[in-house]
Amino acid sequence: MGKIKLALIGAGERGKNCYAPHVRRSGDLMEFVAVAEPNDDRRNEFAQQYGIPEENVFKSAEDFFEKPKMADAVMICTQDRQHFEQAKAAIEKGYTILMEKPISSDPRECLILEKMAQEKGVLIVVCHVLRYTRIFREIKKQLDSGIIGDVVSVVHTENIGYWHFAHSYVRGNWKSEETSAPMIVAKCCHDFDMLSYLLGSRCRTVTSFGDLKYFRKENAPKGATARCLDGCPHSFTCEYYAPKFYLGGGNGWPASCLGSDLSEEGRLRALREGPYGKCVFSGENDVCDHQVASLVFENGVTVSFTASAFTNNNERTIKIMGTKGEIETRTSESTVTVTRFGAGIRTGNVNTIKIPKSPYGHNGGDEGIMEAFAAAMAGIGKNDNLFSQSVHSHMIAFAVEESRKTGKIIDVAEYERKLRETII
Ligand SMILES: NC(=O)c1ccc[n+]([C@@H]2O[C@H](COP(=O)([O-])OP(=O)(O)OC[C@H]3O[C@@H](n4cnc5c(N)ncnc54)[C@H](O)[C@@H]3O)[C@@H](O)[C@H]2O)c1
């Protein structure tokens, strides 16, 4: 088999900076043959870095899809609300697809893509990178070994991190449901995917509460200015003072989101003119900053889930409780602790497994998804990251949001069935 030929749609943070370097590292396995990106700097830099011929360099996905099929697969790495139309065009052209989450911000569109892909026999892999992190692979291995018996309950916390939340969900691309998706869909479709993967079961019922508590206009401290650099009197005390986030550090994320000029002057200009220099209490955001959900899976496992902006670290903390023991992890510490209950009271065996940190993004998840995608395309091994499972993970997230908005307990299968009835 020759090299897998890829076209990148959206040469931004995920496409160009996170996934593309793994294509280069894959040697003879994969290569880029086309790119579609409206931003001149990013497009030209990418085309040059990957030696893409001029005739295959496009200013938009729309221009790219007008041309006859020129690659084996497309990588859709644009913003949330663009995924659906681009995936539809890709299916119609017969491209294999690696696509960023969310599949769509509209649950119906997820189901439409699933139907289209089934009818056309197109492989779609969603970038649920968590599955490929070393820590979650270890947890899956431990669970499948049966060491903690049958799983009964799980407590799972998505600690978003106050700084990460401010960057992405207050100032950044995911601040508004209208332009991206509800926070529980944008951020936590990963967690729901991970839960159904680890538990080997679909989700049956959900209920949820939450809202936007803190990042609101009325919580702005007295005299706060519209932008941090407008001489805000709270610059020394505010946890969210933008220069603390973006000046002086390296060129990696989140500074890389400021633009292509990362000189001191370029960064200051971005903070004076762009979204990342605005006060976090400007009131332009509307997505929840905290949300809880209770979930029951079809195998009877109950899950207590919390997503919150108000944490120091950006990490997941999970406790999985089984009939014979428990598994705990705190991803920032890179450890998995497996405790097997002993005879008598608290005499169990405790095994703390240190997971080596990966030098690659999402603790190896970004590298892992690229490897898994290439393997799925080459037909090597078993692809357990099926599109139908990703659609189900998204349905869980949408059902959780439906519960938060309506105050009702939602039967996930029934919610999905009703949506399916509305698509032809
Ligand atoms: N899997 C994960 O863990 C993970 C993590 C972060 C973000 N994401 C998702 O990845 C996606 C991309 O996020 P990002 O941070 O890279 O965003 P980004 O804004 O940095 O990149 C998107 C790129 O798409 C380009 N674009 C816009 N319109 C286009 C068009 N018509 N045709 C082609 N390209 C176009 C933009 O110019 C930009 O360069 C989002 O949907 C986000 O939710 C996933």
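The structure contained in this document is the topic of the report that follows. (Residues numbered from 1 in each chain as written. Predicted model: local features only at pLDDT ≥ 70, side-chain atom pairs only at ≥ 80, totals over all residues.)

**Let's talk about the pairing of strand 2 (residues 30–36)**
Across the seven residues of strand 2, five count as buried, placing the element largely inside the fold. In terms of strand pairing, strand 2 meets strand 3 (residues 57–58) through two bridges, oriented parallel. Residue pairing across strands places Ala-36 opposite Phe-58, the latter belonging to strand 3. Running through helix 2 (residues 40–49), the crossover from strand 2 to the neighbouring parallel element strand 3 is right-handed. (Buried ≥ 20, exposed ≤ 12 C-beta atoms within 10 Å, placed from the backbone. Helix = DSSP H or I, 4+ residues; strand = E, 2+ residues; numbered from the N terminus. Pairing = 2+ DSSP bridges. Right-handed = clockwise from strand over helix to strand, strands pointing away.)

**Observations regarding the sheet that holds strand 2**
Pairing is parallel across the open sheet formed by six strands, whose spatial order is 3-2-1-4-5-6. Both outer strands of the open sheet, strand 3 and strand 6 (124–126), are each paired with one neighbouring strand and no more. Pairing of strand 4 (residues 73–76) with strand 5 (residues 96–99) involves four bridges; the strand directions are parallel. Across the sheet, the residue bridging to Ala-73 is Thr-96, located in strand 5. Most of the contacts of helix 4 (residues 83–93) go to strand 4, to which it runs at about 180°, and overall it touches strand 1 (4–9), strand 4 and strand 5. (Contact = placed C-beta atoms within 7 Å. Axes fitted to C-alpha atoms, helices over the stretch in contact; angles between N-to-C directions.)

**So, the site of the ligand**
Taken together, 26 residues surround the ligand, and among them Gly-10, Gly-12, Glu-13, Arg-14 and Ala-61 come closest. The element contributing the most residues to the shell around the ligand is helix 1 (residues 13–25), with three residues. Broken down by class, the residue content of the shell around the ligand amounts to nine nonpolar, ten polar and seven charged. (Near = placed C-beta within 6 Å. Nonpolar A, V, L, I, M, F, W, Y, C, P; charged D, E, K, R; others polar.)

**Comments concerning helix 9 (residues 189–199)**
Within helix 9, ten of the eleven residues are buried, which leaves the element mostly enclosed by the surrounding structure. Those residues of helix 9 not exposed but buried are Cys-189, His-190, Asp-191, Phe-192, Asp-193, Met-194, Leu-195, Ser-196, Leu-198 and Leu-199. Following helix 9 by one or two positions, Gly-200 adopts a phi angle in the positive range, close to 60°.

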